[in-house]
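Tertiary structure, described
The chain contents come next:
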There are 2 protein chains.
Amino acid sequence: MKDVAIVGVGTSKFGNRADASLPELAFEATKEALLDAGVGISDIEASVMGTANQFLAGASQPGAIMASYLGLSPKPSLTVSDACATGSAAIRAGWAFVKAGIYDLVLVCGAEKMNEIPTTTAIEMMSLAGDPKWEVSQTGITDAGAYAMFAKSHMHNFGTTERQMAAVAVKNHKYATMNPVAQFQKEITIDAVLKSKVVASPLKLLDCSPITDGASAVILASGEKARTLTDTPVHILGVGCGTDTVALQSRESLVGLGCAVEASKQAYKMGGVSSEDIDVACVHDCFTIAELMAYEDLGFCKKGEGGVFAESDQTYIGGKIPVNVDGGLKAKGHPLGATGVSMAAEITKQLRGEAGRRQVTGAEVGLSHNVARHGTHCVVIVYGRK
Amino acid sequence: MKDVAIVGVGTSKFGNRADASLPELAFEATKEALLDAGVGISDIEASVMGTANQFLAGASQPGAIMASYLGLSPKPSLTVSDACATGSAAIRAGWAFVKAGIYDLVLVCGAEKMNEIPTTTAIEMMSLAGDPKWEVSQTGITDAGAYAMFAKSHMHNFGTTERQMAAVAVKNHKYATMNPVAQFQKEITIDAVLKSKVVASPLKLLDCSPITDGASAVILASGEKARTLTDTPVHILGVGCGTDTVALQSRESLVGLGCAVEASKQAYKMGGVSSEDIDVACVHDCFTIAELMAYEDLGFCKKGEGGVFAESDQTYIGGKIPVNVDGGLKAKGHPLGATGVSMAAEITKQLRGEAGRRQVTGAEVGLSHNVARHGTHCVVIVYGRK
């Protein structure tokens, strides 16, 4: 089996991108990744495209539209679609192609355009990732509704507070101001979060990630190929993927995501590392409670202590484990299919020491954690400089 | 890199399956594949789910709904979605996971439920796989419309006739009567095809594959694992994938599919075989003209001779290369995400000598050819008994 490394990354500006179509966003990210890797589009042997939601795209094979626009035909491609975990799922597929020795240089590009339709419709379309019988048809529960249930359970079981959740939003907005591609470029306060409009109690508007257009791309290379291209490859040390029941009522617990625990266990084992070794992490903070649960599911703190951990500043740069210093889904934005890829792009920059004002000094091992819907699916990837 | 073999296959009854939901169809196919392989669901290490169209499913992560219903959580999964080539694209991803040595036993299940919404709506949703700017928004071209353009071009360039195209439908309906899971169970005549209602001239109703609900599953194993499970593994010798521009107006030619030529070239090379070595093939006959073009693109006959080849009986059992003896998309049915998987299931049965009345005697090398939309994407797989 071959080693796999990231040799180029690119991320489009995230936000309301009425100026660009889905394939144009993919181009923006891919062009940057190619320049970063020092290769041309003709050097790419195969691609994996990630787009989460056909309803949002108004297209039933959006990956083909992207690959075609990028000038990749007649080369092999694959479209992956695993809701909000699509980006990392696409990397996982690309990683397997390189690891198997099938290709030596693979482009993975994730993109989503979420502002083409009214926000309420977009939220309804995303909610179609739930259990079709009960969650979609009967209760009409949205993603915010599901995460509100997680939050209520976490508060009930562990005494977690709305203020602790708000601390996540404050941190992620702070770091977004240091990330030029982030959707939001202003800091917020705990009070602003607590006073923002209730979306699904206890979650308020500023506890929620936004509707975002954007794309991100990474170029994966076999170890040998990577050595010919760069002196600073970022190695994919471990990849884990876990799943859980789609229906929430079938779960044993609503205070954490079983799929994330499973995915991290696999990724740590394959990478030969533990949570203690992680120097910087991008986790799936679609809602602030999701970041608290991620701290626990990934082993950054003990079960039930996520709230206290969030308030302790241990997830800031300089703390025990800096988390979402790119702004996270909350403030960088969350263009579904692009999100996981942009996490890999951020970790790559961090491990290369190229993250500018948000650099975690001396970061050698990084992690990304990307979740679908309310925990149906999770991909965790561990990255290393060596 | 590891060898990869198919050790179990199962296909649900194809047709209007108002009696079963999408995950129930997946269960029907998977149960049969597990029994065929002699393993339990707990032996499966990871899965790849293929569903083509979220609009048809009314769900934005249908693969997770299937995996959850099958009891596969917390195990790794991946959802692949490449329009009508989804099934083979899913196999290609599963094959990479096994080839890379990541898993030894992987379930690939493709499913689609197309009768939940009115047929006209379903056709509109499928048409969203076209070029968004010109084909979808401006001309509103459907799949039948695109293939009608291929047919007109082929007739103009090579003198191909409507009668020659009809011969494909007659053959495939004949063999469908020998396949218990096939949607149509009656033979038709050339005259019936020629007299059927025009859908998009020159294509008539009986030139078109139907709207179908169904699922199919294959279980992939590493060579070592396969040896512990069966004496008749079917080896995946070569896998190719090609793409083409989504927009038809960007193509050089409308008398064949560049993606299929590319995919077959890769698959033949990897498998160390040529078109001459293929004993039995399943090709993507979404419309009769598509099967004629496939004969040419795959090298079963020369360019332009597809029509004459179809009329010559060389694609019947006993001929040079029996094609679609399971009934093909035309008469077995075409549940998008399931189609490519059902091709692999058929070839597996043929190479094992278990195809009953439709058995191609002594078949040792088989091929499947699965195309997305009007040739945006194609996966060709070559299978061997040894």
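What to know about the overall build of chain A
Per the secondary structure count, chain A includes 15 helices and 11 strands. Over its C-alpha atoms chain A spans a radius of gyration of 19 Å, differing by no more than 12% from the 21 Å that the globule rule assigns to 386 residues. Its C-alpha atoms give chain A principal-axis dimensions of about 55 × 45 × 40 Å. Relative to its full complement of 386 residues, chain A shows a buried share of 67%. Excluding contacts between residues fewer than 6 apart, the proportion of contacts in chain A whose partners are at least 24 apart in sequence is 78%.

Let's talk about the packing of helix α4 (residues 86–99) of chain B against helix α15 (residues 336–352) of chain B
Residue and element names in this part refer to chain B. It is at 5 Å that the axes of α4 and α15 come closest, and there the two elements cross at 60°. Viewed along their axes, α4 and α15 adopt a mutual orientation that is oblique. When α4 is examined against α15, the residues T86, G87, S88, A90 and I91 are found in contact with a partner set consisting of L336, G337, A338, T339, G340, V341, S342 and A344. Its residues assigned to classes, the contact of α4 with α15 comprises 6 nonpolar, 7 polar and no charged.

Quick look at the packing of helix α7 (residues 143–158) of chain B against helix α12 (residues 288–297) of chain B
Residues and elements named next belong to chain B. Orientation of α7 relative to α12, taken along the N-to-C sense of each, is 55°, at an axis distance of 9 Å. In terms of their interaxial angle, α7 and α12 are classed as oblique. When you trace α7 past α12, the crossing you get is left-handed. Packed against α7, whose contacting residues are Y147, F150, A151 and H154, the element α12 presents I289, A290, L292 and M293 at the interface.

Structural notes on the interface of chain A and chain B
Between chain A and chain B, the contact holds 52 residues from the first and 52 residues from the second. Taken together, the elements giving at least two residues each to the side of chain A that touches chain B come down to α2 (54–57), α3 (62–69), β3 (77–80), α4 (86–99), α5 (119–127), β8 (234–243) and α11 (258–271) of chain A.

Observations regarding the relation of the copies chain A and chain B
Rotating chain A by 180° and translating it 0.0 Å along the rotation axis places it on chain B, where the RMSD comes to 0.0 Å. The operation mapping one copy onto its partner corresponds to a two-fold rotation axis. Across chain A, the rotation axis passes nearest the C-alpha of A100 of chain A, at a separation of 1.9 Å. Comparing interface residues between copies, 100% of those in chain A also lie at the interface in chain B; the contact surface is shared.

So, α4 of chain B
Since the α-helix turns once every 3.6 residues, residues separated by three or four places project in the same direction. All names here are of chain B. Given a rise of 1.5 Å per residue, 14 residues ought to cover 20 Å, and the 20 Å separating the end C-alpha atoms of α4 matches this to within 8%. Across the 14 residues that make up α4, a large majority, 14, are buried. At the C-terminal side of α4, G101 shows a positive phi close to 80°.

With respect to the pairing of strand β2 (residues 46–50) of chain A
Residue and element names in this part refer to chain A. Within β2, 5 of the 5 residues are buried, leaving the element largely enclosed by the surrounding structure. Burial along β2 is two-sided: the residues A46, V48 and G50 and S47 and M49 are all buried. Relative to strand β4 (residues 105–112), β2 runs parallel, the two being bridged by 5 bridges. The residue bridging M49 from the neighbouring strand is C109, located in β4. As defined by bridge partners, β2 adjoins β3 across 4 bridges and the pair is classed as parallel.

A word on the environment of A146 of chain B
Position of A146 of chain B among the secondary structure elements: in helix α7. Overall, A146 of chain B belongs to the buried group, with 23 C-beta atoms counted inside 10 Å.

What to know about the environment of K171 of chain A
Tracing the backbone through its elements, the reader meets K171 of chain A in helix α8 (residues 162–176). Setting aside anything within four residues of it in sequence, one finds K171 of chain A in contact with T315 and Y316 of chain A.

Details of helix α6 (residues 132–139) of chain A
When we look at burial in α6 of chain A, the residues that qualify are P132, E135 and V136 of chain A. Axial view of α6 of chain A: buried residues confined to an arc of 115°, hence all on one face. With respect to the buried face of α6 of chain A, the exposed residues turned more than 90 degrees away are S137 and Q138 of chain A. Where α6 of chain A is buried, its residues touch α5 of chain A together with α3 (62–69) of chain B. Among the residues trailing α6 of chain A, G140 of chain A stands out with phi positive, at a value near 65°.

Comments concerning unusual backbone geometry
The omega angle of the peptide bond from S73 of chain B to P74 of chain B is 10°, so this bond is cis rather than trans. Here P74 of chain B is to be found in the loop between α3 and β3 (77–80). With an omega dihedral of 10°, the bond running from S201 of chain B to P202 of chain B counts as a cis peptide bond. Phi is positive for A83 of chain A, which is not a glycine, with a value near 50°. Within the element layout of this structure, A83 of chain A appears in the loop between β3 and α4. We note that R373 of chain B has phi near 45°; this positive angle belongs to a residue other than glycine. Tracing the sequence through the fold places R373 of chain B in the loop between β10 (365–372) and β11 (377–384).

Quick look at the confidence of the model for chain A
For chain A, the mean per-residue pLDDT works out to 97, and 100% of the residues sit at or above 70. We note a pTM of 0.98 for the whole complex and an ipTM of 0.97 for its interfaces.

Structural notes on the environment of N115 of chain B
Residues and elements named next belong to chain B. Positionally, N115 belongs in the loop between β4 (105–112) and α5 (119–127). A residue is classified by how many C-beta atoms lie within 10 Å of it, and N115, with 17 of them, is partly exposed. Considered as a pair, N115 and C241 are 126 residues apart in the sequence and their alpha carbons are 29 Å apart.

Calculation criteria
- Residues numbered from 1 in each chain as written.
- Chains lettered and ligands numbered in written order.
- Predicted model: local features only at pLDDT ≥ 70, side-chain atom pairs only at ≥ 80, totals over all residues.
- Helix = DSSP H or I, 4+ residues; strand = E, 2+ residues; numbered from the N terminus.
- Rg over C-alpha atoms; globule rule 2.2 N^0.38 Å.
- Buried ≥ 20, exposed ≤ 12 C-beta atoms within 10 Å, placed from the backbone.
- Contact = placed C-beta atoms within 7 Å.
- Axes fitted to C-alpha atoms, helices over the stretch in contact; angles between N-to-C directions.
- Parallel < 35°, antiparallel > 145°, perpendicular 65-115°, else oblique.
- Nonpolar A, V, L, I, M, F, W, Y, C, P; charged D, E, K, R; others polar.
- Left-handed = near helix turned anticlockwise from the far one by under 90°.
- Least-squares fit on C-alpha atoms with pLDDT ≥ 70 in both.
- Expected span 1.5 Å × (residues − 1).
- Pairing = 2+ DSSP bridges.
- Arc of directions from axis to C-beta.
- pLDDT = per-residue confidence, 0-100.

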